[in-house]
Amino acid sequence: MRKGLRIGVPVLFLATLGYFGVQTVLSPFIPEWYPGLFQPGFSGSPVKNNYLPAVEPDITVTTAAGEQVDLSVSDLVSGTNNDLSVFRSGYFMQSTAQTPESTAWLRDRIGRILPGTALSTFTVEWLDVRYDVDTKAREVLDVSKTVTVDLGDPS
């Protein structure tokens, strides 16, 4: 019994090594080996040519009198761990931004920031920007998307 165990362990070890070798050779041709030997790759750093790209919101509220007031994400969504992600989830797409719930929340939140002000529209321009890694200079490249919500009188 002991002699069989001594022979069985090396054979099992060599068979496992052989299996991993075959899996390594065939992995480009046969996807999703299970159990997998390979993990998905990480995309690495988004920095290209010494610039870091980003998409950032530029928020403007227009009052009923035509005055434009600039707001920041933290003015609207504060106290969360990731204000930009929370804001993006509600106001990156026109379809989610103009739901009755989103519009009511905006009226309430902006009403607290600008009490007694009649509101007209809420506009978010999503800007494609890039930052120079060395100088930290910000450059606006383009407006990739504009989302507008009518904040006029709900009644």
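What counts and how
Residues numbered from 1 in each chain as written. Predicted model: local features only at pLDDT ≥ 70, side-chain atom pairs only at ≥ 80, totals over all residues. Heavy atoms only, no water. Helix = DSSP H or I, 4+ residues; strand = E, 2+ residues; numbered from the N terminus. Areas by Shrake-Rupley, 256 points an atom, 1.4 Å probe, with all protein chains shown as cover. Buried < 20%, exposed > 50% of the residue type's maximum accessible area, 1.4 Å probe, protein only. Arc of directions from axis to C-beta. Contact = heavy atoms within 4.5 Å. Salt bridge = Lys/Arg side-chain N within 4 Å of Asp/Glu carboxyl O. Pairing = 2+ DSSP bridges. Axes fitted to C-alpha atoms, helices over the stretch in contact; angles between N-to-C directions.

Okay, the overall build of the protein chain next. Tallying secondary structure elements over the protein chain gives five helices and four strands in all. Its helices and strands taken in sequence order, the protein chain reads α-β-β-α-α-α-α-β-β from the N to the C terminus. Of the roughly 10,900 Å² of accessible surface on the protein chain, a fraction of 59% belongs to carbon and sulfur atoms.

Phi is positive for Asn-49, which is not a glycine, with a value near 50°. Within the secondary structure, Asn-49 is located in the loop between helix H1 (2–26) and strand S1 (51–63). Asn-49 gets classed as exposed once you look at its relative accessible area, which sits at 71%. The phi dihedral of Lys-136 is positive, around 65°, even though this residue is not glycine.

This part is about helix H3 (residues 83–91). Those residues of H3 that sit buried are Asp-83, Phe-87, Gly-90 and Tyr-91. One side of H3 carries all its buried residues, which in axial view fall inside an arc of 80°. The inward-facing, buried residues of H3 contact S1, helix H2 (73–76), helix H4 (94–97), helix H5 (100–113), strand S3 (119–132) and strand S4 (138–150).

Next up on the list: the pattern of salt bridges. In total, this model carries three salt bridges according to the counting rule given. Notably, a salt bridge pairs Glu-56 with Arg-138, separated by 2.9 Å at the nearest N-O pair. Here Glu-56 is found in strand S1, whereas its partner Arg-138 is found in strand S4, with 82 residues between them in sequence. Glu-139 serves as the salt-bridge partner of Arg-130, at 3.0 Å between the closest nitrogen and oxygen.

Here the focus is the environment of Leu-84. Note that Leu-84 resides in helix H3. Taking C-alpha positions, Leu-84 is 8.1 Å from Ser-74, a pair spaced 10 residues apart along the chain. Apart from residues no more than four positions distant in its own chain, Leu-84 is found in contact with Pro-57, Val-73 and Trp-126.

What follows concerns the sheet that holds S1. One open sheet accounts for four strands, arranged S2-S1-S3-S4; its pairing is antiparallel. Strands with a single pairing partner mark the edges of an open sheet, and in this sheet they are strand S2 (68–71) and S4. Neighbour to neighbour, the strand axes of the sheet diverge by 25° on average, direction disregarded. Relative to S3, S1 runs antiparallel, the two being bridged by 13 bridges. Paired with Ala-54 across the bridge in S3 is Val-129.

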